[in-house]
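Inside the fold
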Amino acid sequence: GESVGLHLPTLSVQEGDNSIINCAYSNSASDYFIWYKQESGKGPQFIIDIRSNMDKRQGQRVTVLLNKTVKHLSLQIAATQPGDSAVYFCAERIQGAQKLVFGQGTRLTINP
Amino acid sequence: ETGVTQSPTHLIKTRGQQVTLRCSSQSGHNTVSWYQQALGQGPQFIFQYYREEENGRGNFPPRFSGLQFPNYSSELNVNALELDDSALYLCASSSDGFMNTEAFFGQGTRLTVV
């Protein structure tokens, strides 16, 4: 069936350190993946996406890695800042479908 | 700012009542998807509207219905509200039925059913 899950529900890191948030997905027919950041009381904010024909994509301070062999997705945040504290969701789109399937999210806390 | 606006931001309704939530999509986008996000959970797909037609539906009962207007704004209607309908309702704006572009979310409407 469709499912997107996260290995770690909470992650606490020191300010300035790098963070890695992991995500497992189960549907091999998924062709598009997005990472969203959601702050309290707000809607999900698009961070970065990656298509299934790629294995790495970089943005500003963020990198997404896709390992289709083990159905694993990760989000790396470099030099974390207090403003990075939020819940992070990975979401997958199954090829041909109209919807995104979200996991439960990982709460990232940045310690000063 | 994503350019996706939702109204109202908060709403309290009584069980059994009906509610209408509104979403204005980002300029240039012709597709609106609605999601329900319960507290502590990821968003769950309700349905999508593309060029004024429903273009996919999640596992939600028929009392969840929607509309899309010629300007691509959209409404979500929920009839016979139940306590479990209390959630953050999100709309996501995209293009071409969300086949080729990112989906950008609005801030959501927080619905509380009492």
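For the structure, see preceding data.
All of the points below concern the structure found in this document.

Definitions and cut-offs
Residues numbered from 1 in each chain as written. Chains lettered and ligands numbered in written order. Predicted model: local features only at pLDDT ≥ 70, side-chain atom pairs only at ≥ 80, totals over all residues. Heavy atoms only, no water. Helix = DSSP H or I, 4+ residues; strand = E, 2+ residues; numbered from the N terminus. Rg over C-alpha atoms; globule rule 2.2 N^0.38 Å. Buried < 20%, exposed > 50% of the residue type's maximum accessible area, 1.4 Å probe, protein only. Disulfide = S-S within 2.5 Å. Salt bridge = Lys/Arg side-chain N within 4 Å of Asp/Glu carboxyl O. Pairing = 2+ DSSP bridges. Axes fitted to C-alpha atoms, helices over the stretch in contact; angles between N-to-C directions. Phe/Tyr/Trp six-rings, centres within 6.5 Å; stacked < 30°, edge-to-face > 60°. Lys NZ or Arg CZ within 6 Å of the ring centre and 35° of its normal. Contact = heavy atoms within 4.5 Å. Buried area = accessible area lost by both parts, 1.4 Å probe. Polar contact = N/O pair within 3.5 Å; in protein donor to acceptor, adjacent residues only side chain to side chain. Nonpolar A, V, L, I, M, F, W, Y, C, P; charged D, E, K, R; others polar.

Considering the overall build of chain A
The number of helices and strands found in chain A is zero helices and eleven strands. In chain A, the succession of α and β elements from N to C terminus is β-β-β-β-β-β-β-β-β-β-β. Scaling as 2.2 N^0.38, a compact globule of 112 residues should have a C-alpha radius of gyration of about 13 Å, and chain A matches this with 13 Å. Counting only C-alpha atoms and orienting by the principal axes, one finds that chain A spans roughly 45 × 30 × 20 Å. Sorting the 112 residues of chain A into buried and exposed places 46% on the buried side.

Focus: the environment of Asn53 of chain A
Note that Asn53 of chain A resides in the loop between strand E5 (45-51) and strand E6 (56-58). It is 22 Å that separates the C-alpha atoms of Asn53 of chain A and Ile20 of chain A, two residues lying 33 residues apart in sequence.

Digging into the state of the cysteines
Throughout the structure, instances matching the rule amount to two disulfides over all chains. Between Cys23 of chain A and Cys90 of chain A runs a disulfide, and the two sulfur atoms are separated by 1.8 Å. In this structure, the disulfide formed by Cys23 of chain A and Cys90 of chain A twists by about 50° around the S-S bond and is classed as right-handed. In this pair, Cys23 of chain A is assigned in strand E3 (residues 19-25) and Cys90 of chain A in strand E9 (residues 86-94), connecting sequence segments 67 residues apart. The burial state of Cys23 of chain A is the same as that of Cys90 of chain A; both residues are buried. In this model Cys23 of chain B forms its disulfide with Cys91 of chain B; the gap between the sulfur atoms is 1.9 Å. In this structure, the disulfide formed by Cys23 of chain B and Cys91 of chain B twists by about 70° around the S-S bond and is classed as right-handed.

Notes on the pattern of salt bridges
All chains considered together, the criterion is met by eight salt bridges over all chains. Among the ionic pairs, Lys42 of chain A bridges to Glu39 of chain A, the shortest N-O distance being 3.9 Å. Salt bridges here are not isolated pairs; linked through shared partners, they connect Arg63, Glu82 and Asp85 of chain B.

Describing the sheet that holds strand E3 (residues 19-24) of chain B
As a general point, the strands of a sheet are linked pairwise by backbone hydrogen bonds and lie either parallel or antiparallel. All names here are of chain B. Spatial ordering of the open sheet is given by E1-E3-E8-E7, a layout of four strands whose pairing is antiparallel. Of all strands in the sheet, those bounded by a partner on one side alone are strand E1 (5-7) and strand E7 (64-68). For this sheet the average axis-to-axis angle between neighbouring strands, irrespective of direction, equals 20°.

Quick word on the packing of aromatic side chains
Enumeration according to the criterion identifies twelve aromatic pairs over all chains in this entry. Seen in terms of ring centroids, Tyr36 of chain A and Phe105 of chain B are 5.1 Å apart; in terms of plane orientation they differ by 85°. Their pairing is edge-to-face. With Tyr36 of chain A in strand E4 (residues 30-38) and Phe105 of chain B in strand E10 (residues 104-105), this pair bridges two chains. Comparing Tyr36 of chain A with Phe105 of chain B shows no difference in burial state: the two are buried. Here Phe60 of chain B and Phe64 of chain B contribute two aromatic rings whose centre-to-centre distance is 5.1 Å and whose plane-to-plane angle is 65°, an arrangement assigned as edge-to-face. Here the aromatic cluster, defined as three or more aromatic residues joined through ring pairs, consists of Tyr36, Phe46, Phe89 and Phe102 of chain A together with Tyr35, Phe45, Phe104 and Phe105 of chain B. A cation over an aromatic ring shows up here: Arg51 of chain A above the ring of Tyr32 of chain A, its NZ or CZ 4.5 Å from the ring centre.

Remarks on the interface of chain A and chain B
Across the contact, 21 residues belong to chain A and 23 residues belong to chain B. Of the roughly 1,700 Å² buried between chain A and chain B, counting both surfaces, carbon and sulfur atoms make up 55%. Here chain A and chain B share zero salt bridges between them. Here chain A is connected to chain B by four residue pairs in polar contact (both at pLDDT 80 or more). Among the elements of the structure, E4, E5 and E9 of chain A are those that each provide at least two residues to the side of chain A that touches chain B. Sorting elements by how many residues they give to the side of chain A that touches chain B places E4 of chain A first, with four residues. A per-class count over the side of chain A that touches chain B returns nine nonpolar, seven polar and five charged.

Side note on unusual backbone geometry
In this model, Ser7 of chain B is joined to Pro8 of chain B through a cis peptide bond whose omega is -10°. Along the polypeptide, Pro8 of chain B turns up in the loop between E1 and strand E2 (10-13). Not every positive phi belongs to a glycine, and Lys71 of chain A is a case in point at roughly 55°. Note that Lys71 of chain A resides in the loop between strand E7 (62-67) and strand E8 (72-77).

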